[in-house]
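# Chains, contacts and geometry: an overview
These are the residues of each chain, in order.
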Amino acid sequence: MSAPSSLDRQRHPTVRDLEKLGDAAVSALAAAGVERLLPDAASPYLLIAEHAGNVVPAPWRDLGLAEPYLGTHFAVDIGVDALTRRLSRTLRAPAVIARYSRLFLDYNRPADEWDFMRPDLGGIPVPDNVAVDAVDARLRKLVAWAPVERAIIEAAAGRRALISVHSFTPVMGGVKRNVDIGVLWREQSPFVTSVLKTLGVQGVEAGFRIGDNEPYDWRQAVGYTLNRHGLQQARPCLYLEVRNDLLADPETFERISRLLENAFATVAMSLWPQSAVAV
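Summary of the structure given here. Only a predicted model underlies this, so the values are computations on that prediction, with no experimental measurement involved. (Residues numbered from 1 in each chain as written. Predicted model: local features only at pLDDT ≥ 70, side-chain atom pairs only at ≥ 80, totals over all residues. Heavy atoms only, no water.)

## Some points on the packing of helix α5 (residues 190-206) against helix α8 (residues 250-271)
In plain terms, the rule: All axes are obtained by fitting lines to C-alpha atoms, using only the stretch in contact for helices, and the reported angles, taken between N-to-C directions, cover 0 to 180 degrees. Secondary structure counts use DSSP, requiring at least four H or I residues in a row for a helix and at least two E residues in a row for a strand, with both numbered from the N terminus. The cut-offs work like this: below 35 degrees is roughly parallel, past 145 is roughly antiparallel, 65 to 115 is roughly perpendicular, and the gaps in between are oblique. Two helices that cross are described as forming a left-handed crossing if the nearer one is turned anticlockwise from the farther one by less than a right angle, and a right-handed crossing if clockwise. We call two residues in contact whenever any of their non-hydrogen atoms come within 4.5 Å of each other. The residue classification treats Ala, Val, Leu, Ile, Met, Phe, Trp, Tyr, Cys and Pro as nonpolar and Asp, Glu, Lys and Arg as charged. All others, Gly included, are polar.
Two elements in contact, α5 and α8, have axes separated by 9 Å at closest approach and are oriented at 140 degrees. Put simply, α5 runs oblique to α8. Judged by the twist between their axes, the crossing of α5 over α8 is right-handed. Residues Pro 190, Phe 191, Ser 194, Val 195, Thr 198, Leu 199, Gln 202, Gly 203 and Ala 206 of α5 form the contact with α8, whose participating residues are Arg 255, Leu 259, Leu 260, Asn 262, Ala 263, Phe 264, Thr 266, Val 267, Ser 270 and Leu 271. Residue classes in the contact of α5 with α8 are distributed as 11 nonpolar, 7 polar and 1 charged.

Laid out in structure tokens, this is it:
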């Protein structure tokens, strides 16, 4: 894909009238930015999908990007929406799903990091992220950050473990990733140990390669979501990463879904049998 042309930028100018959005419009945009599944379910787990959506709120006019860019992994974790819904339904677990693209605002990044509102896609500019002014930044936080923050705080109350669901590209920077499913952790816990052990056994049996802090090592990076709502609250937690091309194929999506359902159900039955669901 080529970089946005000057004509594209004229069609999608930096929004100049954001300050004209009234309270009702801001509230409606915030309500549309997050979805909660099975909030009253008794599961020990809370599932979180910060990168499940690729929507840019209408007043921001796709950030000046052509529509195809919003279907790339820069904009959305491919396959994660369907996977999170499937796991929520089968495990009878509540889930918080962010609907807005991480290009608009990446909830899983601290606000002072460059990719909180990233200005480029591997060298291709995101026109309306190049110079985000204070009014724009404040409104993005109101419609995309605050409702997700509130939803997670409310949904996490009483949960025994948090699982943040993500997908990754099979090749990054020309380097092939040699795992299919990654379990990312920062602090060991019986939950993390049990997931690694269970997925290690069941994953091999199902024909998938399981990564321990691969393809990313959470100990070498900051993940806002689980730092804030997991570790800082003394809740066991992990980031689950699945190769996105496997999720795009219906047959492997089904196999991976069954593997993850069985593994997390097994872990819950061993650690918290009173609230676990057999699958």
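Here the narrative resumes, following the displayed structure.
## A look at the environment of Leu 271
Counting through the fold element by element, Leu 271 comes out in helix α8. When the C-alpha positions of Leu 271 and Arg 160 are compared, they lie 9.5 Å apart, and in sequence the two are 111 residues distant. In this structure, Leu 271 is in contact with Pro 190, Phe 191 and Ser 194, ignoring residues within four places of it in sequence.

## Here's the deal with the nonpolar core
Under the convention used in this document: The term nonpolar core refers to a set of buried residues drawn from Ala, Val, Leu, Ile, Met, Phe, Trp, Tyr and Cys, joined through side-chain atoms within 4.5 Å. Accessibility here uses a 1.4 Å probe with only protein chains present; expressed as a share of the type maximum, an area under 20% marks a residue as buried, one over 50% as exposed, and anything in between as partly exposed.
Core analysis: the biggest nonpolar cluster contains 40 residues, and Tyr 45, Ile 163, Phe 191, Leu 260 and Phe 264 have the highest contact counts within it. Counting residues per element, this core draws most heavily on α8, at 9 residues. With sequence-adjacent residues up to four places away left out, Tyr 45 is seen in contact with Leu 91, Ala 93, Pro 94, Arg 159, Ala 161, Ile 163, Phe 191, Phe 264, Val 267, Ala 268 and Trp 272. Within the second largest apolar cluster, 23 residues are counted, among which are Leu 70, Leu 121, Leu 139 and Ala 144.

## Points about the packing of aromatic side chains
Going by this rule: Only Phe, Tyr and Trp rings are paired, with Trp represented by its six-membered ring, and only when their centres lie within 6.5 Å; those with planes under 30 degrees apart are stacked, over 60 edge-to-face, the remainder tilted.
The tally for this structure, following the rule as stated, stands at 10 aromatic pairs. A centroid spacing of 5.9 Å and a plane angle of 70 degrees characterise the contact between Tyr 100 and Phe 104, whose relative ring orientation is edge-to-face. Here the two residues Tyr 100 and Phe 104 agree in accessibility, since each one is buried. Taken together, a centroid distance of 6.1 Å and an interplanar angle of 40 degrees make the contact between Tyr 107 and Trp 145 tilted. Taken together, the residues Tyr 107 in the loop between β3 (95-98) and β4 (120-121) and Trp 145 in helix α4 (residues 134-156) connect sequence positions 38 residues apart.

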